[in-house]
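Examination of the molecular architecture
Each chain is listed here by its residues.
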Amino acid sequence: MSSAPANAFLRALEPQALARLSSQLSVVELALGDPIGKDGDIVEFVYFPLSALLSMTRSTLNGFAVETGVVGNEGAASVVAALGSGRHSSRLQTQIGGEALRITASAFRQAVSESSSIGQAAWSAVEFQMWEVEQSCVCLAAHSAEARLARWLLEAAERSGRLGRDLAITHEFLGVMLGVQRTTVTRILGHLADREMIQTRRGIVAVTDTDRLARVSCECRHEGVLERRRLGLEAF
C-alpha cells in the first residue's frame, strides 16, 4: 500500500503492522444494500471502510428491523465475530455505497495473534462497537426521531467522507435506522429541508448546513466523537 489508507483503524497501526496487513488487503466496491452477512453466517472477511458505510441490524420475528450499529472510515466491521464465534450475530449490509478494504477472517485472526499493534486496534474497535450499542439504547429511549435523524445524517456524512456531498440513501433504510415508519422519515426530512439544513431528491440526501444540523442533533453525536477520539478512531 503506497500511502496511508483513509481508515482510522489502519492508520493507528505501527508501520510494520500496517505493512503486514496491507499485503493481504484487497479493495472492494460496495453498492447500497449489498448483503455481507446475516445472523448465523460464517464470517468470511473483516472490512475496513474507506468511503462505504456498513450497517448492522437486528429484526424481530415479524420482520421489524432496527439498526444496532454502523461502521465507517473510523473502524472495521466483523471484528467481534471474527475474533469470537466466527459467525455473524446480526445482519451486516452496505448502507452507503463506496470502497472498502477487506482481509479474510482467518488472516485477520492470525495477524491479531502475532501483532500487539493490530490486537490493540482490534480491541479499540470492539470497545467502540460495544459503546455504540449501549449508547443506541439510551438514544432510542430518550431522544426524538428528528434529533436522531439529524445525528445520523451528520455521522453518515463524516464517517463515509461525504460532508457536503450526496448521501445515496432511501427513506426505507432511514426508517430501519430510526425504528420508525417511512412516513415519519419523509416528514422529518421535509422539515429539515424547509429549514435549509439539507437538500433531498429521490434516493439522495445532502447535508447543506452542518452547524445548524448539529444543533438539532442529539447529544450522542458529540459523545461519539469524543469516544472515537479517546480510542484513536476518529473519522476522516
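Position numbers for residues count from 1 along each chain, tracking the sequence in the order it is written. Local features are withheld for residues below a pLDDT of 70 in this predicted model, meaning they are given only at 70 or higher, and side-chain atom pairs are given and counted only at 80 or more; totals for whole chains, interfaces and linings count all residues. The basis for the side-chain values is all heavy atoms of the structure; hydrogens and waters are excluded.

Relative to the helices and strands, Ser117 resides in helix H5 (residues 116–142). Polar contacts, as counted here, are pairs of nitrogen or oxygen atoms within 3.5 Å of one another; within protein the pair requires one atom able to donate a hydrogen and one able to accept it, and residues that are adjacent in sequence qualify only if both atoms are side-chain atoms. Among the polar contacts listed, one links the side chain of Ser117 to the backbone nitrogen of Glu14, at a separation of 3.0 Å. Contact partners of Ser117, with chain neighbours within four places excluded, come to Ala12, Leu13, Glu14 and Ala17. Put simply, DSSP marks the helices as runs of H or I at least four residues long and the strands as runs of E at least two long, and each gets a number from the N terminus on. We call two residues in contact when some of their heavy atoms are within 4.5 Å.

Glancing now at the packing of aromatic side chains. For Phe, Tyr and Trp, where Trp contributes only its six-membered ring, two rings pair if their centres lie within 6.5 Å, and the inter-plane angle classes them as stacked under 30 degrees, edge-to-face over 60, or tilted in between. Scanning the model with the defined rule gives five aromatic pairs in all. For the ring pair Phe9 and Phe48, a centre distance of 5.2 Å and an interplane angle of 55° mean the geometry is tilted. With Phe9 in helix H1 (residues 8–11) and Phe48 in strand E3 (residues 45–49), this residue pair connects regions lying 39 residues apart in the sequence. Like Phe48, Phe9 is buried. Through a chain of ring-to-ring contacts, three or more aromatic side chains come together here, namely Phe9, Phe48 and Phe108. Charge-over-ring contacts are defined here by two conditions on Lys NZ or Arg CZ: a distance within 6 Å of the ring centre and an angle within 35 degrees of the ring normal. Positioned above the aromatic ring of Phe45, the side-chain terminus of Arg102 is 3.8 Å from the ring centre. Accessibility here uses a 1.4 Å probe with only protein chains present; expressed as a share of the type maximum, an area under 20% marks a residue as buried, one over 50% as exposed, and anything in between as partly exposed.

Of the two faces of strand E10 (residues 204–207), the one carrying Ile204 and Ala206 and the one carrying Val205 and Val207 are both buried. Summarising the sheet, strand E8 (residues 166–168) and E10 pair through three bridges and their orientation is antiparallel. Bridging from a neighbouring strand, Ala168 pairs with Ile204 of E10. Here, any two strands with at least 2 DSSP bridges between them count as paired. Where strand E9 (residues 198–201) lies against E10, four bridges are found, and the strand directions are antiparallel. Bridge pairing links Ile198 to Val207 in E10. Taking the residues that link successive antiparallel strands as the turn, the E9-E10 hairpin has two residues, and the phi of Gly203 there is positive, at about 75°.

The sheet built from four strands is open, its strands ordered E2-E6-E4-E5 with antiparallel pairing. The two strands at the open ends of the sheet, each matched to only one other strand, are strand E2 (35–37) and strand E5 (65–71). Direction aside, the axes of adjacent strands within the sheet are offset by 35° on average. This element, helix H6 (residues 145–159), spans strand E4 (53–59), E5 and strand E6 (91–96) of the sheet and lies at about 35° to E5. Helix axes are fitted to C-alpha atoms over the stretch in contact, other axes to C-alpha atoms as well, and angles between N-to-C directions run from 0 to 180 degrees. Taken strand by strand, helix H7 (residues 171–178) contacts E4, E5 and E6, and its axis lies near 90° from that of E5.

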